[in-house]
Amino acid sequence: MYRIIAYNEPTDKVGYIIHDPRIDRRVSAGKLTLKEGEIDDLTLKVNQKSNLFNNVRPMHTHVEVYDGNELIFRGRALKPTRTMESSGQFMQEYVFESIEAYLLDSVQRFAEVHNTTPADFFRMLIQVHNNSVPDWKKFEVRKVNVTNSTDNVYRFVDYTKTRDTIKEKLLTRLGGFLRVEYHDGKNYVDYVIDPGRDHQADTPIKLGRNLKSASMTIDPTKVITRLIPLGAQIEPPQNETGNVANGTRPRITIADLNGGKDYLDIPDLQQEFGIINGTQTWDDVHESQNLFRKAKEWIASQSATNTQWTISALELPEYASFRVSDRYMFINPSLIEPQLLRVTQKQIDLAKPHESNLTIAEKPFSLTSYQAQIQKSLRSVTDLKKFIVSQEEILNDWNSKYNSSQQKIKDLQEALKELENKFNGQTPQPTHIGKIIDVSEWQGVIDWNSVVRDDVSLSIIRIQDGSSHQDLKYMENLQKCINAGGKYAVYAYFRGTSTADAQQEARDFYQRVQRVVANKQQPVFYAIDVESVEMGGNVSQMRAGIEAFMSQLNTLGVPDHKIVLYIANHLYNSFNLNTARAGAIWIPSYGQNDGSIVNSTKPTHPYDLWQYTSKGRVSGIIGNVDMNTEPSDKFKAYLS
């Protein structure tokens with residue numbers, strides 16, 4: 001199950017949920033592409049109900065994608081696209097690029113580097129990057145294990161972007177992979193020979209199990225049958241002045257060791273494919289005898305062809321998720337013998353989270369293997385067709401079972417939604433509704449046994465007045481109410497000055513409650529008391545502040561249907577809160593405020609609970625207490 005959290009700024013510690021099927025928060029569409037050797041990207045499409053809609057600043061807004069509890073992508077927003085669907089609904093599409101793209105935001109300065117290990121050269125490039133970007137774009141080098149034959153590099157660095165420099169001067173020439181991770185507020189970068197691991201049996205890609213489709217392409221076009229090995233450029237004599245116009249010079253060859261020929265033929269491959277000229281360059285080789293040796297070594301490892309795979313596989317719960325750069329045992333007798341294949345790209349469709357499209361690394365074939373595969377294909381086309389038919393029957397049967405299970409899941413989800421609707425107040429309803437009160441430190445010491453005996457069905461207990469004021473009696477009230485067997489909810493007075501401050505208030509609210517009731521009876525809801533203009537006195541920002549507060553509660557595990565909004569009746573319109581999102585609306589409206597309902601004035605806006613007086617009386621409380629009445633069917637579910 002994939003979750004996505006968004007942050008208004010890359011330095012924000014708390015974000016807001018934009019996709020989490022567990023709380024029925026979803027983007028309209030989304031595709032995450034994880035790539036080996038390239039920058040990962042995420043495309044999201046959202047409608048006007050999403051917190052992301054009209055709330056994205058390119059290069060500022062960041063998102064994180066989690067697979068369960070594992071962070072698999074963190075990236076920044078690029079330019080948004082606005083569209084209108086055929087249905088008339090307005091949509092926005094955003095593209096996010098991985099934080100690896102930070103390396104495109106710095107430029108290396110001119111340098112001539114020699115007698116330096118690849119590891120030190122890599123660290124030098126990252127240091128230049130770090131010196132020219134803000135802290136949140138900096139990388140900490142964690143692991144480098146790529147070397148060359150002499151463990152030194154000789155490079156000219158020009159005014160190019162850091163990532164382009166790394167690719168040209170290291171990845172292309174020495175191989176290896178760049179790996180970027182974000183953890184505990186820091187960016188880490190590795191330059192490693194092999195970033196993956198083998199999955200021999202724990203997560204196979206197997207026909208009839210988790211393999212939906214697979215195709216293999218044999219590509220002999222990259223084969224070289226006549227190799228021209230090239231070494232370092234030949235330096236000009238000391239007395240030569242001037243430069244070659246394009247900066248290139250002749251290179252070391254093997255001609256003086258090979259009878260004047262600067263190439264080596266590969267007879268076996270020539271017999272199969274004919275003469276195909278090609279070059280290989282070793283910039284760090286300055287002697288022809290070393291170049292000759294490297295050419296022979298290269299020919300010994302030369303393959304006749306490469307294979308390219310495209311695979312669609314299911315992410316089954318009994319197996320770990322597929323990871324880019326890891327190798328998996330591919331089992332499909334109709335195509336090839338079982339073998340480990342490395343995933344170089346994984347595309348995740350958020351609309352179909354249990355399916356993944358995998359791209360597999362090119363796999364070299366020796367000449368013998370290539371010829372055997374071709375002959376096998378020519379001899380067994382008929383048998384293969386029969387086998388495919390049988391496998392299609394197996395796959396169709398599996399698809400039928402899969403579709404059946406999906407329907408069962410859908411039925412269960414509908415049943416769960418029905419139960420949630422019942423919980424939200426449709427049914428069942430309690431047979432008797434007693435008094436509903438809300439209390440704070442102003443009620444002083446409360447005799448909770450007397451309160452519960454006085455037919456109090458629900459006590460709503462204040463926890464805080466903003467983050468700075470912790471209610472002086474909340475701990476005592478929570479403990480004694482629970483011990484007396486009372487049903488309770490909790491509320492917090494909203495004092496947020498910004499969305500970040502609102503998120504902090506929500507965290508304090510939740511954590512203060514859990515500090516007392518963890519592993520005990522939980523509150524039936526969390527209420528937000530909104531009855532004064534906060535957010536720096538800007539009433540137009542109150543909606544954003546409450547949305548941030550609610551989203552933070554979501555992140556902490558409190559779903560929307562367990563969040564109640566207490567809204568001042570006279571400020572209801574100006575606050576313009578998202579009342580459809582909350583589980584219930586609670587509005588105060590007093591009238592004469594003499595403790596009676598008959599002399600009270602009902603709210604002028606729709607409500608699920610009406611606070612009709614602040615001068616009620618209940619046994620166990622000395623003095624006045626707020627009283628509430630007329631719970632809606634939706635609210636009554638909290639009392640059942």
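This text gives an overview of the structure that appears in the document. Keep in mind the model is a prediction, meaning the values are calculated, not measured.

### A closer look at the overall build of the protein chain
Inference 1: A tally of helices and strands in the protein chain yields 12 helices and 32 strands.
Inference 2: Going through the 640 residues of the protein chain one by one, you find that 47% of them count as buried.
Inference 3: For the protein chain, contacts bridging at least 24 residues in sequence account for 66% of all contacts bridging at least 6.
Inference 4: Total accessible area on the protein chain stands at roughly 31,700 Å², and carbon and sulfur atoms take up 49% of it.

### Digging into unusual backbone geometry
Trans is the common state for peptide bonds, and a negative phi is the common state for residues other than glycine.
Inference 1: Non-glycine residue Asn-115 carries a positive phi angle of around 55°.
Inference 2: When you line up the elements, Asn-115 lands in strand 9 (residues 111-116).
Inference 3: Residue classification places Asn-115 among the exposed positions, given a relative accessible area of 68%.
Inference 4: A positive phi angle, close to 50°, is found at Asn-576, a residue other than glycine.
Inference 5: Structurally, Asn-576 can be placed in the loop between helix 11 (572-575) and strand 30 (584-588).

### Side note on the side chain of Gln-443
Inference 1: Within the secondary structure layout, Gln-443 lies in the loop between strand 24 (435-439) and helix 7 (448-453).
Inference 2: A distance of 3.1 Å separates a polar side-chain atom of Gln-443 from the backbone oxygen of Asn-624.

### A few points about the nonpolar core
The tendency in soluble globular proteins is for nonpolar side chains to be buried as a group.
Inference 1: Of all hydrophobic cores here, the largest spans 52 residues; its most connected members are Ile-437, Leu-478, Phe-509, Ile-528, Leu-553 and Leu-565.
Inference 2: The dominant element in this core, judged by the number of residues it contributes, is helix 9 (residues 499-517), at seven residues.
Inference 3: Sequence-distant contacts of Leu-553, that is, excluding residues within four places in its chain, are made with Ala-506, Phe-509, Tyr-510, Tyr-526, Val-558 and Ile-563.
Inference 4: Within the second largest apolar cluster, 22 residues are counted, among which are Val-63, Val-65, Ile-348 and Leu-350.

### Focus: the sheet that holds strand 19 (residues 277-281)
Inference 1: The strand order 18-17-19 describes an open sheet built from three strands, whose pairing is mixed. Strand pairing shows two members of the sheet lacking a second neighbour, strand 18 (264-265) and strand 19, which therefore form its edges.
Inference 2: With five bridges connecting them, strand 17 (residues 226-230) and strand 19 associate as parallel partners. Bridge pairing in strand 19 links Leu-227 to Gly-278.
Inference 3: Sitting on the sheet, helix 4 (residues 288-301) is in contact with strand 17, strand 18 and strand 19, with an inclination near 140° to strand 17.

### Regarding the sheet that holds strand 13 (residues 186-192)
Inference 1: Spatially, 10-13-12 is the arrangement adopted by the three strands of the open sheet, whose pairing is mixed. The open sheet has two free edges, formed respectively by strand 10 (139-144) and strand 12 (177-183), since each of these has just one partner strand. The average angle at which neighbouring strand axes cross in this sheet is 25°, direction not considered.
Inference 2: Bridge analysis of strand 12 against strand 13 gives seven bridges, and the strand direction is antiparallel. Across the sheet, Leu-178 pairs through a bridge with Tyr-191, a residue of strand 13.
Inference 3: Across the sheet, helix 1 (residues 118-130) lies against strand 10, strand 12 and strand 13, angled at about 170° from strand 10, the strand it touches most.

### A short note on the packing of aromatic side chains
Inference 1: This model, assessed by the stated rule, comprises 16 aromatic pairs.
Inference 2: An angle of 80° between the planes, with centres 5.6 Å apart, marks the rings of Tyr-102 and Trp-136 as edge-to-face. You can see Tyr-102 sitting in the loop between strand 8 (90-98) and strand 9 and its partner Trp-136 sitting in the loop between helix 1 and strand 10, a full 34 residues away along the chain.
Inference 3: Plain terms: the ring middles of Phe-509 and Phe-549 are 6.2 Å apart, the flat faces sit at 50° to each other, and that makes the pair tilted. Remark: Phe-549 occurs in helix 10 (residues 542-555) and Phe-509 occurs in helix 9; sequence separation between them is 40 residues.
Inference 4: Phe-509 gets classed as buried once you look at its relative accessible area, which sits at 0%.
Inference 5: Note on Phe-549: relative accessible area 1%, which makes it buried.
Inference 6: Through a chain of ring-to-ring contacts, the aromatic side chains of Phe-494, Phe-509, Tyr-510, Tyr-526 and Phe-549 assemble into a single cluster.

Thresholds, definitions, all that
All residue numbers here refer to positions counted from 1 along the written sequence of the relevant chain. For this predicted model, a pLDDT threshold of at least 70 governs which residues receive local features, and a threshold of 80 or more governs which side-chain atom pairs are given and counted, while totals over whole chains, interfaces and linings are taken from all residues. Hydrogens and water molecules were not included; the side-chain quantities draw on all heavy atoms of the structure. The helix count covers DSSP runs of H or I at least four residues long, the strand count covers runs of E at least two residues long, and both are numbered beginning at the N terminus. Classification of residues uses two cut-offs on accessible area relative to the type maximum, computed with a 1.4 Å probe and protein chains only: under 20% is buried, over 50% is exposed, and between them is partly exposed. Whether two residues touch is decided by their heavy atoms; if any such pair falls within 4.5 Å, the residues are in contact. Throughout, the Shrake-Rupley method with a 1.4 Å probe supplies accessible areas, and for residues the shown protein chains are the sole cover considered. Polar contact is the term for a pair of N or O atoms within 3.5 Å; when the atoms are in protein, one must be able to donate a hydrogen and the other to accept it, and sequence-neighboring residues count only if both atoms are side-chain atoms. Definition of nonpolar core: a set of buried residues of the types Ala, Val, Leu, Ile, Met, Phe, Trp, Tyr and Cys, connected through side-chain atoms within 4.5 Å. When DSSP finds two or more bridges between a pair of strands, those strands are recorded as paired. Axis definition: a line fitted to C-alpha atoms, limited for helices to the stretch in contact. Angles are taken between N-to-C directions and run from 0 to 180 degrees. Ring pairs shown here join Phe, Tyr and Trp side chains whose ring centres sit within 6.5 Å, with only the six-membered ring taken for Trp; geometry is labelled stacked below 30 degrees between planes, edge-to-face above 60, and tilted in between.

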